[in-house]
Amino acid sequence: MSVEKGFTKENLDYYLKELAKEFRKRNGKNTPAEIVLVGGAAILANYGFREMTYDIDAVITASSAMKEAIHAVGDRLGLPNGWLNADFKNTSS
């Protein structure tokens, strides 16, 4: 996927599910994580009046392994660097 194509509700859901799987694989099922979508991605995910966005902005509360999971999913799925723009709040190292 390239930035020019943007993110749709369908591929946004898919990418976030893949991120969740990757994070659980790296941290186990009992490690908490919270991703709060903001901006266009939040509108896209929750309302029907927008069809796409060109970036995914989020506030993430999770262990530092979330960054590794984001990079791994991006690399595996061919997403551009920075596909998920996040303000991180680490819960542990």
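Residues numbered from 1 in each chain as written. Predicted model: local features only at pLDDT ≥ 70, side-chain atom pairs only at ≥ 80, totals over all residues. Heavy atoms only, no water.

### Topic: the overall build of the protein chain
What the protein chain contains, in helices and strands, is 3 helices and 3 strands. Ordered by position in the sequence, the α and β elements of the protein chain form the string α-β-α-β-α-β. Over its C-alpha atoms the protein chain spans a radius of gyration of 13 Å, differing by no more than 12% from the 12 Å that the globule rule assigns to 93 residues. For the protein chain, the C-alpha atoms occupy an extent of roughly 35 × 25 × 20 Å along the three principal directions. (Helix = DSSP H or I, 4+ residues; strand = E, 2+ residues; numbered from the N terminus. Rg over C-alpha atoms; globule rule 2.2 N^0.38 Å.)

### Some remarks on the pattern of salt bridges
All chains considered together, the criterion is met by 6 salt bridges. Glu 18 serves as the salt-bridge partner of Lys 21, at 3.1 Å between the closest nitrogen and oxygen. With Lys 21 and Glu 18 both in helix H1 (residues 9-27) and 3 residues apart, the pair spans about one turn of that helix. Judged by relative accessible area, which is 46%, Lys 21 ranks as partly exposed. For the salt bridge of Glu 68 with Arg 26, the shortest nitrogen-to-oxygen distance reads 3.5 Å. With Glu 68 in helix H3 (residues 65-77) and Arg 26 in helix H1, the pair connects residues that are 42 residues apart, well separated along the chain. Residue class for Glu 68 comes out partly exposed when judged on its relative accessible area of 45%. (Salt bridge = Lys/Arg side-chain N within 4 Å of Asp/Glu carboxyl O. Buried < 20%, exposed > 50% of the residue type's maximum accessible area, 1.4 Å probe, protein only.)

### Side note on the packing of aromatic side chains
Summed over all chains, the structure comprises 4 aromatic pairs. Taken together, the aromatic side chains of Phe 7, Tyr 14, Tyr 15 and Trp 83 make up a single cluster linked through ring pairs. (Phe/Tyr/Trp six-rings, centres within 6.5 Å; stacked < 30°, edge-to-face > 60°.)

### What about the pairing of strand S3 (residues 84-90)?
Across 7 bridges, strand S2 (residues 56-62) lies against S3 in parallel orientation. Looking across to S3, one finds that Asp 57 is bridged to Asn 85. Note that the unit made of S2, H3 and S3 has a crossover that is right-handed. (Pairing = 2+ DSSP bridges. Right-handed = clockwise from strand over helix to strand, strands pointing away.)

### Looking at the pairing of S2
Two faces make up the sheet, and in a regular strand the side chains alternate between them. Residues of S2 alternate between two faces, with Ile 56, Ala 58, Ile 60 and Ala 62 buried on one and Asp 57, Val 59 and Thr 61 left unburied on the opposite face. One ladder, built from 5 bridges, connects strand S1 (residues 34-38) with S2; its direction is antiparallel. Within S2, the position partnered with Glu 34 by the bridge is Thr 61.

### Let's talk about the nonpolar core
Generally speaking, soluble globular proteins have nonpolar side chains that are buried together. Among the nonpolar cores identified, the biggest contains 21 residues, and Leu 19, Leu 37, Ile 56, Trp 83 and Leu 84 are the most heavily contacted of them. Listing elements by their share of this core, those giving two or more residues are H1, helix H2 (39-46), S2 and H3. The leading source of residues in this core is H1, at 5 residues. (Core = buried A, V, L, I, M, F, W, Y, C linked by side-chain atoms within 4.5 Å.)

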